[in-house]
Structures are given as C-alpha cells and as structure tokens.
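# Fold and geometry: a report
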Amino acid sequence: MKERPLLMIPGPVEFEPSVLSALGQPTQSHIDPQFIGVFEGAIKKMREVWHSPSGQPFIVPGTGTLAMEIPAANLVEPEDRVLVVSTGYFGDRYADILSRYTNKVTVLSAPLGGIVETAHIEAELKKSEYRLMTITHVDTSTGVRVDPRPIGKLGHKYGVLTVLDGVCSVAGEELKQDAWELDVVFTASQKAVGVPPGLALVLAGPRAVNRWRKRKSRVPNYYCDWNQWLPVMEAYEAGTPAYFATPAVNHVRALDVSLDNILKEGMEERFQRHRVVGKAFQAGLEALGLKQVPLNKKDRAFTLSAPYYPAGVTGDRLLPQIRRAGVVFAGGLHPEIKKNYFRIGHMGSTCFRDVLASLGALEAALRDCGVSVNPGVSLTAAQSVIVSENSETAV
Ligand code: PMP
C-alpha cells in the first residue's frame, strides 16, 4: 500500500476495507431472500443514523444530485412557492433544480463564507406563503455549516416543509432529523456514510409524505416518483421483494456494512471524532497562516476545510506538490473564488493520523512553493487540539 495516496477530498472519501469487500462479493439476485434481509437491515439502520424513527427511508441508485431532485419532484407543484437558503454552489444548484418544478423560487443568498441569519429567513416566511424551503447543512463549496435547528423550528411555525441537503454532513456532523423538525434529509453514499459513489439516500418524515399524498398534480418525473419507490421500500422492509428499477445490489450490501460500522462506533462518538478532526485540521491551517473561506469560526464545517492559497501560490503549483507528498486535496469550486482556494475533506473514516499526514504533506508542498514554514508548526497546533479535546483517543 506504499504507493496508495491518501484521499482527502470532500467525496468520494476513503472507504473501509469491510465496505469494499462487501461491494466486491458476487452479485446476488435482487429477490434472493438473503439480499432481502440485507436491504431490510439497511433501511432500518438509516433511521438510526439519521435519528429519525418516524421517517421513511429511500435507497435509490444515483448520486447526491438525484437525492436533491427527489424531494423537489415529489413535494413541489407548479403553483408552489419555494425558498432556497443558499450558502454556496450547492444551494444555488438547488434553486436551479427547483426551478424545473415551479417558477416561484426565491433564493436568500448568504455573503460568501457567511450564513443567512434566522431573522432574515423568518421575515421572508412572513412575507409570502411558502410550501417548502431548502437548506444546505454543509455547503461543500464554502465549508460553511448552517445550524438547521432554528430553521426547522421556523418550518413548523409557518407550516413550511424543511428539506436539508445533508450530502456533506449526514453521519459526520451532528444531526437529529426528528428532534430538529426536519421533514426531508438526504445524502449520497460517497461521503461520511462511507460507500463508493452510487446511492442517493433520502429520509422523508411523515409531514412530507402526507403532503405528497395530497398532491393535486401527477409527479412530473418518472424516476423520482415516490409512487414507484415507496412500495419497493415498504416491501423490502416487510421481507418481500418488489420491483420498480433494479436495486444496486452490491451497493446496498456495502451500505448495510457501512451503516453497521457507523452504529458500532456510536453516533455521539462519531460526531465527536468529526468535531475533533475538523478543529484539529483547522487549527493546523491557522498555524500556517492560511485564511479560511468561512467568515466565522463557529460556521466552519467539521467535515471539510476550505483554506485560501497564501499570497504568490497557485493551485496549479501547490496541489500537484501535495499529491507528490502522497496526499490528494481538491481545488476550489465556488465560481467567485474557484482559483483562490482549495478544499480538504475529513469525513467518514478520517482519523487523527490522516490529519497529521495531510498537514505534513501541506507543509512540505508549501515549502516547495517557496513559502517559509516552520517545520511541524501545523502538526503541533493540530495535536494540541487532539490532546485537549480528546486525550483518550489521540493518535
Ligand atoms: N449537495 C452537496 C452539499 C454536495 O456536496 C454534493 C456533492 N459534492 C451534492 C449535493 C451533489 O452530489 P453528487 O455529486 O453526488 O451528485
């Protein structure tokens, strides 16, 4: 494994050998009784990971973008007004998706690196009658985390469905779907859930399902329609197969293994590991004098970091040097600053060892680009966080 680079991008992430091995097992029939049991297990475990005993899971072959489209297609009708709270590229993508289902889309955009204040959202909800609003828990283009709690409350107060894009958060950042009054929370397999790209994972709460049942018009998207998927999910959970579109058999098996691993670690322990990993990595970046995209420390995600390049350094020079040092980081994504910053994912299986290896590679690459770096300065800062926050599990 000496030549294997350490993958530290915000998805796909590194996957556990047990998950990869499950993916590589001989493919079974989707109606094999053994597979039915696996599917049933994965559905039930999703409720635990999402903290949503009342929710209906959907496991659909596809990616996070499909997971975004599923609530849009099922919950929005042409006359509905929808509100997008955008903290970056993926919020803006949501507005584009929703605009295929209604032309009444309002976007509240945060300043770059900032969040939209709750009072601002409430003022907008008071102004017009909205059917649904979307928030991005962690926008992967800015590294900004939004607190969904006050927004979920507002959704209940004003009778608006709240949809959370949890693609860069579920199974990494703290999240309690039912307690936080979130109607739909979705992710994709390749991030903190820890399964290679290929699954859209959506959990719809009872308010969302009830509203969908009362639709006046037909769901205008064949593949996304819950009329197709709900009977399949219900059948597998009840121990019998059903067919709409071929289940991603190997991926579902891998998902079941990964959800098991996640639950064995313990949700609170997992949230805490991500918290410490994120804070340690970001303390390392601060020690290197790198400014970060989130404007406020409290809004920095724990699942990824988004630092700006130092003066005089470009991504074209720095990123290949980091790769030569054995670690893979990602470039920028937000169109306004794409060439000015880079991104590091630290979610899923990321451990303290990976944080130290990545900071070491970053220091070496910065030196190669002519930046003066005190050797070990970022590692010392990261280790101080690890020791003070989490002494028992340090490296
Ligand atoms: N939402 C967020 C927050 C994301 O980070 C991503 C992917 N990076 C998506 C949606 C879209 O997911 P996918 O690329 O799997 O379609």
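This structure is a prediction, so every number in the text was calculated from the model and none was measured.

### Things to note about the overall build of the chain
Secondary structure assignment for the chain yields 13 helices and 14 strands. Each principal axis of the C-alpha distribution contributes one length, and for the chain these read about 65 × 55 × 35 Å. A total of 395 residues make up the chain; the buried ones form 59% of that total. Across the chain, every contact between residues at least 6 apart in sequence was considered, and the portion connecting residues at least 24 apart equals 71%. Accessible surface, the chain as shown: approximately 15,900 Å² in total, 53% of it carbon and sulfur. Measuring between centres, the 43 positive side-chain charges of the chain sit 3 Å from its 41 negative side-chain charges.

### Digging into the pairing of strand β9 (residues 184-188)
For β9, a buried count of 5 out of 5 residues is recorded, marking the element as mostly surrounded by other parts of the structure. Both faces of β9 are covered, namely the face carrying Val 184, Phe 186 and Ala 188 and the face carrying Val 185 and Thr 187. Taken together, the 3 bridges between strand β8 (residues 161-165) and β9 define a ladder with parallel strand orientation. Bridging across to β9, Val 163 finds its partner in Val 184.

### Quick notes on helix α4 (residues 89-98)
Regarding α4, the residues found buried are Phe 90, Gly 91, Tyr 94, Ala 95, Ile 97 and Leu 98. The buried residues of α4 occupy an angular sector of 160° when projected down its axis, which confines them to one face.

### Concerning helix α3 (residues 64-75)
In a regular helix each residue adds 1.5 Å, so 12 residues correspond to 16 Å; α3 covers 17 Å between its end C-alpha atoms and thus fits that length. Within α3, 11 of the 12 residues are buried, which leaves the element mostly enclosed by the surrounding structure.

### A few points about the nonpolar core
Formed by 95 residues in total, the largest nonpolar core has its most connected members in Trp 50, Phe 58, Ile 59, Ile 121, Phe 186 and Leu 255. The greatest single-element share of this core, amounting to 9 residues, is contributed by helix α2 (residues 33-50). Counting residues in each nonpolar core, the second largest holds 32 residues, with Leu 6, Val 313, Phe 329 and Ile 386 among its members.

### Examining the packing of helix α9 (residues 249-265) against helix α10 (residues 267-287)
A packed helix pair is summarised by two numbers, namely the angle formed by the two axes and the spacing between the axes. Remark: α9 packs on α10, axes separated minimally by 5 Å, with the N-to-C direction vectors making an angle of 90°. On the basis of their axis angle, the class for α9 and α10 is roughly perpendicular. Packed against α9, whose contacting residues are Ile 262, Leu 263 and Glu 265, the element α10 presents Met 267, Glu 269, Arg 270 and Arg 273 at the interface. Classifying every residue of the contact of α9 with α10 gives 3 nonpolar, no polar and 4 charged.

### What about the site of the ligand?
Of all residues adjacent to the ligand, which total 13 residues, the nearest are Thr 63, Thr 65, Thr 140, Asp 165 and Gln 190. A distance of 2.8 Å is found between an oxygen atom of the ligand and a side-chain nitrogen or oxygen belonging to Gln 190. A distance of 2.8 Å separates a nitrogen atom of the ligand from a polar atom in the side chain of Lys 191. Protein coverage of the free-state accessible area of the ligand, which is 390 Å², stands at 86%. Looking at the shell around the ligand, the elements with two or more residues in it are α3 and α4. By residue number, the principal contributor to the shell around the ligand is α3, which donates 3 residues. The residue inventory of the shell around the ligand, partitioned by class, reads 4 nonpolar, 6 polar and 3 charged.

### What about empty space enclosed by the protein?
The full count for this structure, using the stated rule, is 1 cavity of 30 Å³ or more. Put simply, the largest cavity is a space of about 30 Å³. As for the largest cavity, its lining consists of Phe 39, Ile 59, Pro 61, Trp 229, Val 232, Ala 245, Pro 247, Ala 248 and Val 252. Looking at the lining of the largest cavity, the elements with two or more residues in it are β2 (56-61) and α8 (226-237). When the residues that make up the lining of the largest cavity are grouped by side-chain class, the tally is 9 nonpolar, no polar and no charged.

### Quick notes on the sheet that holds strand β13 (residues 330-331)
Pairing in this open sheet of 3 strands is antiparallel, and the strands run β11-β14-β13 from one edge to the other. The open sheet has two edge strands with one neighbour each: β11 (304-305) and β13. With 2 bridges connecting them, β13 and strand β14 (residues 342-345) associate as antiparallel partners. When the sheet's bridge partners are listed, Gly 331 is paired in β14 with Phe 342.

### Looking at the pattern of salt bridges
A complete count under the given rule lists 23 salt bridges for this structure. A salt bridge links Glu 79 to Lys 104, with the shortest nitrogen-to-oxygen separation between them at 3.4 Å. Note that Glu 79 is positioned in the loop between α3 and β3 (81-86) and Lys 104 in strand β4 (residues 104-109), a separation of 25 residues in sequence. The class of Glu 79 is exposed, set by a relative accessible area of 60%. In this structure Lys 104 comes out as partly exposed when scored by relative accessible area, which is 26%. Salt-bridge contacts for Asp 183 lead to Arg 207; the nearest nitrogen and oxygen are separated by 2.8 Å. Of this pair, Asp 183 sits in the loop between β8 and β9 while Arg 207 sits in helix α7 (residues 206-213); the two residues are 24 residues apart in sequence, bridging distant segments of the chain. Residue classification places Asp 183 among the buried residues on the basis of a relative accessible area of 3%. One salt-bridge network, held together by shared partners, links Glu 40, Lys 44, Arg 47 and Glu 237.

### Overview of the packing of aromatic side chains
Applying the stated criterion across every chain yields a total of 15 aromatic pairs. Centroid distance Phe 58 to Trp 226: 5.0 Å. Interplanar angle 5°. Geometry classified as stacked. Of this pair, Phe 58 sits in strand β2 while Trp 226 sits in helix α8, and the two are 168 residues apart along the sequence. Seen from their ring centres, Trp 229 and Phe 244 are 4.9 Å apart, and the 90° between their planes marks the pair as edge-to-face. Here Trp 229, found in helix α8, pairs with Phe 244, found in the loop between α8 and α9; they are 15 residues apart in sequence, far enough to count as distant. One exposure class covers both Trp 229 and Phe 244, and it is buried. The ring of Phe 302 carries Arg 145 above its face, with NZ or CZ at 4.3 Å from the centroid.

Reading guide: rules and limits
Residues numbered from 1 in each chain as written. Predicted model: local features only at pLDDT ≥ 70, side-chain atom pairs only at ≥ 80, totals over all residues. Heavy atoms only, no water. Helix = DSSP H or I, 4+ residues; strand = E, 2+ residues; numbered from the N terminus. Buried < 20%, exposed > 50% of the residue type's maximum accessible area, 1.4 Å probe, protein only. Contact = heavy atoms within 4.5 Å. Areas by Shrake-Rupley, 256 points an atom, 1.4 Å probe, with all protein chains shown as cover. Lys, Arg positive; Asp, Glu negative; His and termini not counted. Charge placed at Lys NZ, Arg CZ, Asp CG, Glu CD. Pairing = 2+ DSSP bridges. Arc of directions from axis to C-beta. Expected span 1.5 Å × (residues − 1). Core = buried A, V, L, I, M, F, W, Y, C linked by side-chain atoms within 4.5 Å. Axes fitted to C-alpha atoms, helices over the stretch in contact; angles between N-to-C directions. Parallel < 35°, antiparallel > 145°, perpendicular 65-115°, else oblique. Nonpolar A, V, L, I, M, F, W, Y, C, P; charged D, E, K, R; others polar. Near = heavy atom within 4 Å. Polar contact = N/O pair within 3.5 Å; in protein donor to acceptor, adjacent residues only side chain to side chain. 1 Å grid on protein atoms, 1.4 Å probe; cavity = no way out; pocket = protein on both sides within 12 Å on 5 of 7 lines; lining within 4 Å. Points joined across faces, edges and corners; volume = space filled by probe spheres on them. Salt bridge = Lys/Arg side-chain N within 4 Å of Asp/Glu carboxyl O. Phe/Tyr/Trp six-rings, centres within 6.5 Å; stacked < 30°, edge-to-face > 60°. Lys NZ or Arg CZ within 6 Å of the ring centre and 35° of its normal.

Any functional reading would require information beyond the geometric quantities listed.
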